[in-house]
Amino acid sequence: MSTKNPDVVVPPPSPLTALTLAEMHVRRWEVKATCNRCGIKLRANLPSMIRTFGPDAVWWGQTPRCPGLECESGVLHYAARALRGGSWVSMTQPPGELEQTAYRNRQRAYPGPR
Ligand SMILES: [Zn+2]
């Protein structure tokens, strides 16, 4: 069989490798949001999220209100995958000390304005 398992070609997302919106965007991760109430599924647009919340915003652990018109008190749960066919990784866990330290210790990969 093929050895081209997508999770082997590119490791699945982790807050250890990309903590901020800009880092996720640089790695070209695909991000989706699912409402825990109405089940609406949204494709997250990282460039527009960066414009709105800034490149250093951390999305791990974020559960914003569902934008669904008739959705009462639903919240969005985010998930990311590193490439098509790769595993979706839930982003609902907020980053811990380990992830924040790794972020502080690495070179900023985002060359654009902030
Ligand atoms: Zn909803």
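Reading the values: rules and limits
- The numbers attached to residues start from 1 for each chain and follow its sequence in the written order.
- At least 70 in pLDDT is required for a residue's local features to be given in this predicted model, at least 80 for side-chain atom pairs to be given and counted, and no such filter applies to totals for whole chains, interfaces and linings, which use all residues.
- Secondary structure elements are taken from DSSP: a helix is a run of H or I of four residues or more, a strand is a run of E of two residues or more, and numbering for both begins at the N terminus.
- Note on method: radius of gyration uses C-alpha positions; expected globular size equals 2.2 Å times residues raised to 0.38.
- Labels follow a simple rule on C-beta atoms placed from the backbone: if 20 or more others lie within 10 Å of a residue's own, it is buried; if 12 or fewer, it is exposed; otherwise it is partly exposed.
- Note on pairing: two strands pair once DSSP finds at least 2 bridges between them.
- We call two residues in contact when their backbone-placed C-beta atoms lie within 7 Å.
- The term nonpolar core refers to a group of buried residues, namely Ala, Val, Leu, Ile, Met, Phe, Trp, Tyr and Cys, whose C-beta atoms join them within 7 Å.

Below, the discussion takes up the overall build of the protein chain. Along its length, the protein chain carries four helices and four strands. Along the chain direction, N to C, the helices and strands of the protein chain fall in the order α-α-β-β-α-β-β-α. For the protein chain, the C-alpha radius of gyration of 15 Å lies close to 13 Å, the compact-globule estimate for 114 residues. Counting only C-alpha atoms, the protein chain reaches 45 × 40 × 25 Å along its principal axes. With 114 residues in all, the protein chain has 24% of them scored as buried.

To continue, consider the sheet that holds strand 3 (residues 76-81). Spatially, the four strands line up as an open sheet ordered 2-1-3-4, and their pairing is antiparallel. Each edge of the open sheet carries a strand with a single partner, namely strand 2 (41-44) and strand 4 (89-90). The pairing of strand 1 (residues 30-35) with strand 3 spans six bridges and is classified as antiparallel. Residue pairing across strands places Val-31 opposite Ala-80, the latter belonging to strand 3.

Pairing between strand 1 and strand 2: four bridges, direction antiparallel. Residue pairing in the sheet places Lys-32 in a bridge with Arg-43 of strand 2. Linking strand 1 back to strand 2 in an antiparallel pair, the connection comprises five residues, with Gly-39 at a positive phi of about 80°.

Here we take up the environment of Thr-34. Inspection of the secondary structure puts Thr-34 in strand 1. Taking the C-alpha atoms as reference points, Thr-34 and Tyr-103, 69 residues apart in sequence, are found 27 Å from one another. Those residues in contact with Thr-34 that sit more than four places away from it in its chain are Gly-39, Lys-41, Leu-76 and His-77.

Turning next to the nonpolar core. Leu-21, Met-24, Trp-29, Val-31, Trp-59, Tyr-78 and Ala-80 are the most contacted members of the largest nonpolar core, which totals 19 residues. Counting only elements with at least two residues in this core, the list comes to helix 2 (21-26), strand 1, helix 3 (46-53) and strand 3. When sequence neighbours within four positions are dropped, the list of residues in contact with Trp-59 reads Leu-21, Tyr-78 and Met-91.

Of all residues except glycine, most have a negative phi; of all peptide bonds, most are trans. Phi angles above zero are rare outside glycine, and Arg-28 is one such case at about 60°. Within the element layout of this structure, Arg-28 appears in the loop between helix 2 and strand 1. The phi torsion at Ser-73 lies on the positive side, around 55°, for a residue other than glycine. By the secondary structure assignment, Ser-73 is in the loop between helix 3 and strand 3.

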